Amino acid sequence: GAVVSQHPSWVICKSGTSVKIECRSLDFQATTMFWYRQFPKQSLMLMATSNEGSKATYEQGVEKDKFLINHASLTLSTLTVTSAHPEDSSFYICSARLALSYNEQFFGPGTRLTVL
Amino acid sequence: AQKVTQAQTEISVVEKEDVTLDCVYETRDTTYYLFWYKQPPSGELVFLIRRNSFDEQNEISGRYSWNFQKSTSSFNFTITASQVVDSAVYFCALTKLSFRQNFVFGPGTRLSVLP
């Protein structure tokens, strides 16, 4: 199956700093990528939908100025957590939808963010 | 709106027992896809199965089997002769037929298989 990578796989940062997480589709083009957040012992919740060449669509309750999403190419989307705080500590997972496919969506391995 | 319910928060079984994980979904769409994913402690989601709403045939893959019943909006997952390596969190998910549609995940069921 298609491969989606995330970098870094884990990151620890100080409160107030910004962290960038990359999501790459390695062997296919993805016009749409999704960013999910998973708090400990909870399910995955959609944060935003990232569309190549246009602004991301954020879910209700997700601050777009805090979670900056850039989808500059068909294989790369980035999520930047600005001025991170301990409550932003979570597992962030991206997924990439195969272009022109209804259901072929592939998940990255996730990035574990810990904010001290 | 779409919703996925997994009523079992945690299940513990002894190795070699059979276990069924329940999944009930809600959607107004007539065409949709249902999925099961396994999430081991590493966190990475492991794809198990995808089923579209037109295909109600049950499926078996090794020790895994799935029972899809549209009449009750259920998509249950059974592991036969469970093994310790099956210990993980299992998520049922739903997506509608749309290019830009995200997954809606259930709350997950944590399965512990004891030796």
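Here, every reference points to the structure presented above.
Below is a summary of the structure that appears in this document. (Residues numbered from 1 in each chain as written. Chains lettered and ligands numbered in written order. Predicted model: local features only at pLDDT ≥ 70, side-chain atom pairs only at ≥ 80, totals over all residues. Heavy atoms only, no water.)

### A look at the overall build of chain B
Broken down by element type, chain B carries zero helices and 12 strands. Taken from N to C terminus, the helices and strands of chain B fall in the order β-β-β-β-β-β-β-β-β-β-β-β. What you see for chain B is a C-alpha radius of gyration of 14 Å, in line with the 13 Å of a compact globule of 115 residues. Within the span of chain B, comprising 115 residues, buried residues form 46% of the whole. Restricting to contacts in chain B with at least 6 residues of sequence separation, those with at least 24 account for 56%. For chain B, the computed accessible surface area is about 5,700 Å², with 48% contributed by carbon and sulfur atoms. (Helix = DSSP H or I, 4+ residues; strand = E, 2+ residues; numbered from the N terminus. Rg over C-alpha atoms; globule rule 2.2 N^0.38 Å. Buried < 20%, exposed > 50% of the residue type's maximum accessible area, 1.4 Å probe, protein only. Contact = heavy atoms within 4.5 Å. Areas by Shrake-Rupley, 256 points an atom, 1.4 Å probe, with all protein chains shown as cover.)

### Description of the side chain of D86 of chain B
Residue and element names in this part refer to chain B. Looking at the secondary structure, you find D86 in the loop between β9 (74-79) and β10 (88-96). Residue classification places D86 among the buried residues on the basis of a relative accessible area of 1%. Looking at D86, its side chain comes within polar contact range of the side chain of R63, at 2.8 Å. Among the polar contacts listed, one links the side chain of D86 to the backbone nitrogen of Q83, at a separation of 2.8 Å. Not counting residues within four places of it along the chain, the set of residues in contact with D86 comprises K38, R63, Y64, I79, L111 and V113. (Polar contact = N/O pair within 3.5 Å; in protein donor to acceptor, adjacent residues only side chain to side chain.)

### Side note on the state of the cysteines
Counting across every chain of the model gives two disulfides over all chains. A sulfur-sulfur separation of 2.0 Å characterises the disulfide bridge that pairs C23 of chain A with C94 of chain A. On the sign convention where negative is left-handed, the bridge of C23 of chain A and C94 of chain A, at about 80° about the S-S bond, is right-handed. Here C23 of chain A is found in strand β3 (residues 19-25), whereas its partner C94 of chain A is found in strand β9 (residues 90-97), with 71 residues between them in sequence. Classification of C23 of chain A by relative accessible area gives buried; the value is 0%. The class for C94 of chain A is buried, based on a relative accessible area of 0%. Each sulfur in the disulfide pair C23 of chain B and C92 of chain B lies 2.0 Å from the other. One quick way to see it: the torsion about the S-S bond of C23 of chain B and C92 of chain B is about -65°, and its sign makes the bridge left-handed. Within this pair, whereas C23 of chain B is found in the loop between β3 (19-21) and β4 (24-26), its partner C92 of chain B is found in strand β10, the two being separated by 69 residues in sequence. (Disulfide = S-S within 2.5 Å.)

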